[in-house]
Amino acid sequence: MIFNIHVNTIFVGTNLSGFLIHLFKSYVKNLYYCRMKKIRFTSTIFLIGFILVSSCQKSTDVQLITPDEYQRLDQLEDVQLIDVRSVEAFQDLHLEGAQNLVYDAEFSEKIMKLDKSKPVAVYCKTGGLSKKCVEILKDSGFVKIFDLKGGLSKWKHSGISVDSLIKPETKK
């Protein structure tokens with residue numbers, strides 16, 4: 001019906017070029033608003049989808065902590081302490097309460113005996129191995145992970161009491 005009115009107006013004697021310019025401007029304006037609405041709608045749908053997907057994923061909390069922070073943490077929470085060094089290194093010196101889960105090809109299987117809902121603190125000699133282990137723990141679904149910054153080397157040189165370091169009894 002609108003088209004018929006415009007056509008009738010053309011034939012009544014109005015300026016044809018003015019009418020066509022007006023019609024073109026209206027068309028472009030409507031097209032612009034439709035596209036903007038479509039872009040806004042698409043953006044809104046994308047944003048809602050992103051929020052839903054990100055909220056469904058468990059977020060893993062990984063913190064790099066100092067020996068001093070670990071001592072306070074150990075007193076506050078029930079932390080699973082993991083030493084990822086070799087069996088020999090563990091037997092020579094380790095933190096009190098630590099379990100030895102050697103970082104090797106079977107590490108992913110070894111961590112299955114840990115409780116994923118409880119915090120896990122990981123350490124090695126200098127921090128390099130524990131960083132790799134943190135990634136595996138994160139990928140395996142552990143929720144809260146602590147990495148002892150600098151490993152046992154940092155602990156020994158931090159000036160903190162080494163009472164929590166367990167050394168084997170020396171043979172006489």
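Everything in this summary refers to the structure shown in the same document. This one's a predicted model, so the numbers in the text were calculated from it and none came from an experiment.

1. Some points on the overall build of the protein chain
Inference 1: Across its full length, the protein chain carries seven helices and seven strands.
Inference 2: Starting at the N terminus and ending at the C terminus, the protein chain contains elements arranged as α-α-β-α-β-α-β-β-α-β-α-β-α-β.
Inference 3: Among the 172 residues that make up the protein chain, the fraction classed as buried is 26%.
Inference 4: Relative to all contacts within the protein chain whose residues are 6 or more apart in sequence, the contacts with residues 24 or more apart total 66%.

2. Things to note about the state of the cysteines
Inference 1: What the rule picks out here adds up to zero disulfides.
Inference 2: Cys-124 takes part in no disulfide bond, and the closest cysteine sulfur, belonging to Cys-133, lies 7.6 Å away.
Inference 3: Residue Cys-124 is classed as buried on the basis of its relative accessible area, which comes to 2%.
Inference 4: Owing to a relative accessible area of 0%, Cys-133 belongs among the buried residues under this scheme.

3. Overview of the pattern of salt bridges
Inference 1: One pass over the full model with this rule turns up five salt bridges.
Inference 2: Between Lys-118 and Asp-78 there is a salt bridge, with the nearest N and O atoms lying 3.1 Å from each other. Of this pair, Lys-118 sits in the loop between α5 (107-110) and β5 (120-123) while Asp-78 sits in the loop between α3 (67-76) and β2 (80-83), and the two are 40 residues apart along the sequence.
Inference 3: Since its relative accessible area comes to 33%, Lys-118 is described here as partly exposed.
Inference 4: Classification of Asp-78 by relative accessible area gives exposed; the value is 52%.

4. A look at the environment of Gly-97
Inference 1: Residue placement: Gly-97 occurs in the loop between β3 (94-95) and β4 (99-100).
Inference 2: As for Gly-97 and Gln-80, which are separated by 17 residues in sequence, their C-alpha atoms are 8.3 Å apart.

5. Points about α3
Inference 1: Of the residues making up α3, those classed as buried are Pro-67, Tyr-70 and Leu-73. Buried residues of α3 fall within an arc of 110° about the axis and therefore sit on the same side. For α3, the exposed residues lying more than 90 degrees away from the buried face are Gln-75 and Leu-76.
Inference 2: In this structure, the buried residues of α3 make contact with β1 (61-65), β2, β3, β5, β6 (144-148) and α7 (151-157).

What counts, and where the lines are drawn
Within each chain, residues carry numbers counting from 1 in the order of the written sequence. Since the coordinates come from a predicted model, pLDDT governs what is reported: local features require at least 70, and pairs of side-chain atoms require 80 or more to be given and counted, while whole-chain, interface and lining totals use all residues. Side-chain numbers come from the whole structure's heavy atoms, not from hydrogens or water. Put simply, DSSP H or I for four residues or longer makes a helix, DSSP E for two residues or longer makes a strand, and each gets a number counted from the N terminus. Throughout this description, buried means an accessible area under 20% of the type-specific maximum (1.4 Å probe, protein chains only), exposed means over 50%, and partly exposed covers the range between. Any two residues whose heavy atoms approach within 4.5 Å at even a single point are treated as in contact. For the purposes of this analysis, a disulfide is any pair of cysteine sulfur atoms at a distance within 2.5 Å. Here, a salt bridge means any Lys or Arg side-chain nitrogen found within 4 Å of an Asp or Glu carboxyl oxygen. The directions considered for the arc are those from the helix axis to the C-beta atoms.

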